[in-house]
Amino acid sequence: MSYKLRDPEEKFNINRPWKTLDSWQKEYIETEGDCALLTGRQCGKTTAMAIKMAEVARAGKRGRDILCISLTERQAYNIFSKCLTYLLSEYPMEVKSGRDKPTMHKITLKNGVVIRCEPTGLMGEGLRGLTCQKIFADEASRMSDEVFTAIMPMLSVVGGTMDISSTPCGKQGFFWKAFNPLEEMSKRFKKWKISSEDCPRHKKEFLEQQKSSMSQMEYAQEYLAEFLDELRRYFSDALIKSAKCPSSFCSSNSPSINKAFAVRPT
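Residues numbered from 1 in each chain as written. Predicted model: local features only at pLDDT ≥ 70, side-chain atom pairs only at ≥ 80, totals over all residues. Heavy atoms only, no water.

Trainee: Account for the nonpolar core, naming residues and giving values.
Mentor: Tyr28, Met53, Leu87, Ile107 and Ile115 are the most contacted members of the largest nonpolar core, which totals 36 residues. Breaking this core down by element, the ones donating at least two residues are α1 (23-29), β1 (35-39), α2 (45-58), β2 (66-70), α3 (73-90), β4 (114-119) and β7 (190-194). Excluding residues that lie within four positions of it along the chain, Tyr28 makes contacts with Cys35, Leu37, Ala48, Met49, Lys52, Phe136, Asp163 and Trp192. Listed in part, the 26 residues of the second largest apolar core include Leu38, Ile135, Trp176 and Phe179. (Core = buried A, V, L, I, M, F, W, Y, C linked by side-chain atoms within 4.5 Å. Buried < 20%, exposed > 50% of the residue type's maximum accessible area, 1.4 Å probe, protein only. Helix = DSSP H or I, 4+ residues; strand = E, 2+ residues; numbered from the N terminus. Contact = heavy atoms within 4.5 Å.)

Take a look at the structure:
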């Protein structure tokens, strides 16, 4: 194990972040099963996932492959490259070289485990056909439900698990359901929620500047990791409720009255 908790006196090194982990990062890395990370911006979720991806691969065996995905190729490669940097720094002798040397989409370890990096696109159709021991999905709140429909069967045969992480993007989709206690699927995930204000690497002055330059809802979503519908809607719940016709008035049988006071969804 080459990662460790941050010493309060130790300065953060962006090139070796695994030496200065927050307690939640270490806890997450060492947790098995399905996991979900809900964080504000730049809290270290991608770093934690990259380290865990490497450690899961090291502990695996041939046929227990890993898939790293995100919405775009650049985003997927971001976590993939951090995983490769960690492996080459701490376990260089465990990474295959020569004909099987790492590429931008594939890392092969000497134990036979393969780590693949792929973008999901809009529907995830290009991901079908793989079998995985573990799937790591970064920026999952932006992924469509169709992506998860495509990838979930990959885990069945080998009893695999999935980790998802993201900043929030409204109360919708697979990622939101994972954090919604009213959803049955929420029970399968071990969950963490980390605000940017709780991240020791964020400067208080910077966050104050962001708070003053953004709307309250924008700041809450991007930095406080709050699920909000309002950023994606023209009308607030309060406005819609205030526009509703009183029940006593709308009980009229007049089609013209009912039509005039109907509230249509946007």
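More follows now that the structure is in view.
Trainee: Kindly report on the packing of aromatic side chains, identifying the contributing residues and their values.
Mentor: Evaluated as defined, the whole model comprises twelve aromatic pairs. Here Phe148 and Phe174 contribute two aromatic rings whose centre-to-centre distance is 4.0 Å and whose plane-to-plane angle is 5°, an arrangement assigned as stacked. On the criterion of sequence distance, the pair formed by Phe148 in helix α4 (residues 145-151) and Phe174 in helix α5 (residues 173-179) is long-range, its members being 26 residues apart. Both residues of the pair, Phe148 and Phe174, count as buried. The interplanar angle of 55° and the centroid separation of 5.2 Å between the aromatic rings of Phe175 and Phe179 together place this pair among those described as tilted. Highlighted residues: Phe175 and Phe179, both in helix α5, separated by four residues, approximately one helical turn. The exposure class assigned to Phe175 is buried, which follows from its relative accessible area of 1%. Three or more aromatic residues link up through ring pairs in this structure, and these residues are Phe175, Trp176, Phe179 and Phe227. The ring of Phe136 has Lys134 lying over it, and the distance from NZ or CZ to the ring centre is 5.8 Å. The residue whose ring lies beneath Arg201 is Phe12, and the NZ or CZ to ring-centre distance is 5.4 Å. (Phe/Tyr/Trp six-rings, centres within 6.5 Å; stacked < 30°, edge-to-face > 60°. Lys NZ or Arg CZ within 6 Å of the ring centre and 35° of its normal.)

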